[in-house]
Structures are given as structure tokens and as C-alpha cells.
Amino acid sequence: MYAIPTAFVSALFVVFGLYVLITQGVTRLSAPFLLMCAATFAWQGTWTLLFQTEDPHIASVLVRVGYLFILFLPTTFYHFVTEVAARRREQPVLLASYGMCLVLAALLPGDEVIAGYRHYFFGYYPSAGPLHPLHVVQTVLLAGRSGQLLLAARKQGGGQARRRLDLCFASLCLYSFAAVDYAVNYGYAFYPPGVLFIALSLGLLAITIVRYHLIHPYALAATIAHEIATPLATIAMHADEISSVWAQVFKGYRLAVTHGLYDEQVHSGQSERVSQLATAIRREVSGTSAMVEMALASFTLDRLDRTRFSPHSMLHCVASALERYPFRGDERARVTVAPIDATLCFSGSDTLAVFVLFNLLKNALHAIPVSGEGEIVISAVQEQGFCVLRFRDTGPGIAPDVLPHIFDAFFSTKRHGSGAGMGLAFCRRAAELLGGSIECTSMREAHTTFTVRLPVPGSPADRALSQSPARSRRRRQA
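Right, let's walk through the structure included here. (Residues numbered from 1 in each chain as written. Predicted model: local features only at pLDDT ≥ 70, side-chain atom pairs only at ≥ 80, totals over all residues. Heavy atoms only, no water.)

Here strand β8 (residues 437-443) pairs with strand β9 (residues 447-455) via seven bridges, running antiparallel. Bridge pairing in β9 places Met443 opposite His447. Where β8 folds back on β9, the antiparallel hairpin that results is connected by three residues, among which Glu445 adopts a positive phi of roughly 60°. (Pairing = 2+ DSSP bridges. Helix = DSSP H or I, 4+ residues; strand = E, 2+ residues; numbered from the N terminus.)

Structure (C-alpha cells):
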């Protein structure tokens, strides 16, 4: 009778784990959740046997086997939270916690952690040893730290991200109630109900992961970006190898032509074409890598860490964007940069500024017909405590009825398949998170000008952003 709840919960965690594994696969976020499911399944499966056995020798083995998995459960939950909150700086603490679990696990065969067992009305149950309080303290500290991380991430997030974090925090609260089981280890005779709280907790997490797309915006995007970045890096390496050996190959080719061993007229111009391939491949890889980074950044804007903002040169950002952008044909010749003061700086993230320029370049080059007239002029000045970047193109302009909607997410005038309508929405979110703004003016068949304002270091806007993140978030959500 008393083994029925543990058997049910053990089977339930197989369902939770398979549910997430099948629908989401193994990612940085799902991996610790799957570890939690596996540990809980093994723990409850062992307790099912423990509550049924009447043999003291078997009970002595089972209490230690079951506790092996219990030792790791708080750390796997903390591991999960560090991924949800994107706090990779917690890695040393996480590794130390796993290390402590291993030390306690190594002591399980003795009586230091588990000093045998007690017999209750429901069956045998582990008895706490002299080092068991270390595990209890570890659990309390990890639960408290997990709560801090989730609340901190919630303050920086908004909308859907905040709702997902609320569910994770509710799951943590339910999980914490499972600590009541420790009282049974110290001789209090009641049926341990903690597994019910853990079942509800991890069930809520499973729903949050799949139903509310906890993985999709962050971990899945990171996984995809990583999978794309790896072959791109390999292609770039091969291009560099081609470039390094081509000089010697071409030298041999010229000798063969000189001595009449090869007729150059048969493949005229091919040798010059080959010499350009390595550079072209390297340029395409660099541009594509930047686009992948930009797509990943759009998923993680809600978790931007303002404590890392620093002064950056606008001239350097413009130069970096033009160097990395994957121009085609004569597109680069259409772009002119007006003189920018090298000392002109803004406070924020140079990466986001470059990605904003990428999106503006992409839109302008799409708007300017390749066979028609049109050019792009980029300029930047300081005005009233802001670094003001102006991005002007002499393309076809934007219709008055379209102009009010260009910064709306998923709004696009491009044909289906040519754009998702997220580029300018990204620019607006990025500018506002940096404490600035972006606006657009346009005249049909004449020009379009995007104006990006970012705080200069030490300006009132910069101080207000660093001192009042909550107010900045409210402004952004409005």
C-alpha cells in the first residue's frame, strides 16, 4: 500500500523525461531537467522496493542506493535554474556543488551520511548520519540561490519571459516543500510526502518547457547557433588554407605555362578566379556568422546585463559593421560614411550597435533597386547628451500609411519568404534597452532617414539608465 505512491511517481517521471526529450531534444536547458527526472525515477523506484522489503540486509543496501540519487537532486535543480536565468558565472559554484555531492556519495557506504535505517509503520527509511546536515544545508543554500537568480532574471525580463520565470519560481517553491522529508531522517514518524511536491514541481517545469516554450527563445536558439557556427568555422579554416598554399600552386602553374606544359588559353581567366575564391569564401563566412550572432542576440535582449555597459566609439562600430556585413556586387560602393569624430562615444553594447547597423543596411540595400539609383550615407554627431547616428538612403522611400508600422514585430512589406518583419523591431528594442531611441522619417521617391539616439557616457540619460533599471523597463514595455 505505502509503495503505491512511490511506484506511481517513479513511472510519472519517465513520462516527464520522455515528454521533454522527444519534444525538445537534449539542450543546455533540457539536460539538467532530464537529470532531475532520471534521479527522481531511480530514487522513487528504490523507495518502492524499500517500502516493500522485510529483509534488513536488503533495506541496508536500498537506503544507500536511494540516497545516492537524493544527494544530486538539489544541485540538478540549481543547474537548471542557472540555465534558465542564463547565469554562466554561476559555473564555479555549480561545479563545487556537484563536487560536494560526489564527496558525500563516496561516503555513503559508511555511516557518515546515512547511519543505517529506522523502521516506521510504512517500512524502512534512512536514518541521518553525522554529515547528513551538510546535505541539508547545501539544499537550503541552493534553493535560496535559485530563488535569487529567478527573481533577478524576472526583474530584467518582461512579457512572456516574465511569465515563464514566474512558473519556474512557483516550481521552485513547490520543490522546497519536499524538504519536509528530512524530518523523517531524524526520527519523526510520518509518511514522507516530499515526493508529491517534487512531482508537482517537475511536472510544472515540464509544462513550462514545452507548453510555454521555455527552451525555444534561449537554449534552443543557442544550440542552433552553435551547430551553425561550427561548420562555418571549419569552412573559414579551409578557406585560409587555400589562401596560404595558393601562392605556391600559382607559381607552379606559371612555370608550366612558361615551359609549354599547359595551354593557358584553354582555361583563360580561371587562375585569377581561383585566387579570389578564398577571399570571397572568407567574406561570406564572416558575414553569415555575424547574421547568426544577430539572430541569437534577438532572443536574449530581455536578459541584457546593463552592469556590463561601457563607452564605445561610434566610428569603430560603423567601421566594424561595414567590414563584417556580407555585401554583394556593388553594394559596398553605395555606402558613404560622413566624417565622424573619433572621440564620439556612446554608453552601452557595441555588439548591439553593430547589429542595429546590420539591420538598417539590410533594409536599405533591399529597398534600393540594384539596377536603379540610390545611395546610403551614414553620419554621427553628439546632440544634447546623446550620440546621434543618422542612416539615410535615397531609395524609394516609405509610404505614409506604412511608416507608423515599420517597427512593429512581424510587420513586413517584403514578399513572403524574404523577411520575417523582425529586423526593425529588433532595432527598436535594442535602442530602448540601451537607454536611447530610434525613429524614421521618409519621403516617397526621395529618401528615408533612420535616427538612432544612444546616451553618451556620463549623460543624464546614461545615469538614469544605470540607477533606475525598473523605470527603464516600464518605459520599454509602454
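A grouping of Val14, Leu18, Leu21, Ile22, Val26 and Phe41 is seen on the molecular surface, where their side chains present a nonpolar patch of about 550 Å² in accessible area. Counting residues per element, the nonpolar patch draws most heavily on helix α1 (residues 3-24), which supplies four residues. (Patch = residues over 30% accessible without salt bridge, like charges linked within 9 Å, V, L, I, M, F, W, Y side chains within 5 Å. Areas by Shrake-Rupley, 256 points an atom, 1.4 Å probe, with all protein chains shown as cover. Salt bridge = Lys/Arg side-chain N within 4 Å of Asp/Glu carboxyl O.)

This paragraph deals with helix α11 (residues 314-324). Restricting attention to buried positions, one finds in α11 the residues Met314, Cys317, Val318, Ser320, Ala321 and Leu322. Residue Ser313 occupies the N-cap position of α11, its side-chain oxygen lying 3.4 Å from the main-chain nitrogen of Leu315. (Buried < 20%, exposed > 50% of the residue type's maximum accessible area, 1.4 Å probe, protein only. Polar contact = N/O pair within 3.5 Å; in protein donor to acceptor, adjacent residues only side chain to side chain.)

The next thing to look at is helix α13 (residues 423-433). Of all the residues in α13, the buried ones are Leu424, Ala425, Phe426, Cys427, Ala430, Ala431 and Leu433. At the C-terminal side of α13, Gly435 shows a positive phi close to 85°.

Okay, the packing of helix α12 (residues 350-367) against α13 next. Interhelical geometry of α12 versus α13 gives an angle of 150° and a closest axis separation of 9 Å. The angle between the axes of α12 and α13 places the two elements in the roughly antiparallel class. Note that α12 runs across α13; the crossing there is left-handed. On α13, the residues that touch Leu352, Phe355, Val356, Asn359, Leu360 and Asn363 of α12 are Gly423, Leu424, Phe426, Cys427 and Ala430. The class makeup of the residues in the contact of α12 with α13 is eight nonpolar, three polar and no charged. (Axes fitted to C-alpha atoms, helices over the stretch in contact; angles between N-to-C directions. Parallel < 35°, antiparallel > 145°, perpendicular 65-115°, else oblique. Left-handed = near helix turned anticlockwise from the far one by under 90°. Contact = heavy atoms within 4.5 Å. Nonpolar A, V, L, I, M, F, W, Y, C, P; charged D, E, K, R; others polar.)

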